[in-house]
Amino acid sequence: MSAAESHSFDRAIPLDAIRFNEQGLVPAIAQDYLDGTVLMLAWMNRDALQKTLETGEVWYWSRSRQELWHKGATSGHFQKVRSLRYDCDSDALLVTIEQIGDIACHTGERSCFHQVEGTKQAPPADTLSGLYRVVRDRRDRPVEGSYTRKLFAGGDNKILKKIGEEAAEVVMACKDDDPGAIAGEVADLFYHALVAMAHHNVDLRDVYRILEERRR
Ligand SMILES: N=c1c2ncn([C@@H]3O[C@H](COP(=O)(O)OP(=O)(O)OP(=O)(O)O)[C@@H](O)[C@H]3O)c2ncn1[C@@H]1O[C@H](COP(=O)(O)O)[C@@H](O)[C@H]1O
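Please read all numbers here as calculations on a predicted model, not as lab measurements. (Residues numbered from 1 in each chain as written. Predicted model: local features only at pLDDT ≥ 70, side-chain atom pairs only at ≥ 80, totals over all residues.)

Colleague: Got a minute to help me understand the overall build of the protein chain in this structure?
Modeller: Of the regular secondary structure elements, the protein chain holds five helices and six strands. For the protein chain, whose C-alpha radius of gyration is 22 Å, the value lies well above the compact-globule estimate of 17 Å for 216 residues. Projected onto the principal axes, the alpha-carbon positions of the protein chain cover approximately 60 × 40 × 30 Å. Taking all 216 residues of the protein chain together, 19% fall into the buried category. Pairs at least 24 residues apart make up 49% of the contacts formed inside the protein chain by residues separated by at least 6 positions. (Helix = DSSP H or I, 4+ residues; strand = E, 2+ residues; numbered from the N terminus. Rg over C-alpha atoms; globule rule 2.2 N^0.38 Å. Buried ≥ 20, exposed ≤ 12 C-beta atoms within 10 Å, placed from the backbone. Contact = placed C-beta atoms within 7 Å.)

Colleague: Quick question: what am I supposed to make of the packing of helix 3 (residues 147-175) against helix 4 (residues 179-199) here?
Modeller: A pair of packed helices is characterised by two quantities: the angle between their axes and the separation of those axes. Helix 4 packs onto helix 3 with a crossing angle of 150 degrees between their chain directions and a minimal axis gap of 8 Å. When the interaxial angle is binned, helix 3 and helix 4 end up roughly antiparallel. When the axes of helix 3 and helix 4 are compared, the crossing they make is left-handed. Taken together, the residues of the contact of helix 3 with helix 4 break down into 16 nonpolar, three polar and six charged. (Axes fitted to C-alpha atoms, helices over the stretch in contact; angles between N-to-C directions. Parallel < 35°, antiparallel > 145°, perpendicular 65-115°, else oblique. Left-handed = near helix turned anticlockwise from the far one by under 90°. Nonpolar A, V, L, I, M, F, W, Y, C, P; charged D, E, K, R; others polar.)

Colleague: Help me understand the packing of helix 2 (residues 127-140) against helix 4, please; the structure alone is not making it clear to me.
Modeller: Contact pair helix 2 / helix 4: the axes reach a minimum separation of 10 Å and the direction vectors enclose 50 degrees. Comparing their axes, helix 4 and helix 2 come out oblique. The handedness of the crossing between helix 2 and helix 4 comes out as right-handed. Contacts between helix 2 and helix 4 involve Leu128, Leu131, Tyr132, Val135, Arg136 and Arg139 on the former and, on the latter, Phe190, Tyr191, Leu194, Val195 and Ala198. Looking at the contact of helix 2 with helix 4, its residues break down into nine nonpolar, no polar and two charged.

In short, shape yes, function no, at least from these values alone.
Quick look at the structure:
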């Protein structure tokens, strides 16, 4: 078994199918495997891609240093490959990764991508993450008339009571075998669970991580 075969990502990628540009490079977008956040864009040459496939850790080509760049080799913030895809005309890579150390950008941020002034807030990486961002924002910067704010103000007593109620409503909707009602009640339950999590400083990515670890 080669080193590449010991990793769990898709190794069916035919290296010869990738179209490197005139500098022998292909852009590689790194995306978080848990919540889909777009972390960074860098470049790979053939050797970097080969090493990435062989080791299961991401290697890029540093255009400034003109050398292979084993991401995290100095900082310890490795990128473990979870899946590797290429676009339909084979001239861009999407590397879904597990970011060891939770920092992708050299500025110390999780993502290298920042908002351009005048454009709308970046769309959420996924729906729950987006909602959780709003919920934590309401916790940290209360807004007049906010329902979430009222929940935080009521503390565990208020939040947990709502979770109990919403769970009971999910049960009733299931008893009624009403898919529309079930979806609505589960949405309420998800939202209130997020409020409880924010109240207790739980990282949503830890929930995703646990689910991911359990996935068979
Ligand atoms: N996703 C939700 C969400 N889901 C459910 N709920 C509220 O949860 C409550 C559900 O409780 P019930 O079904 O028992 O209805 P109710 O009788 O009106 O509830 P109570 O007022 O008696 O507690 C309703 O008031 C819903 O409006 C939500 N309230 C807010 N959000 C989102 O949270 C974010 C912040 O909202 P605000 O804090 O209101 O700005 C926004 O993005 C919202 O879209």
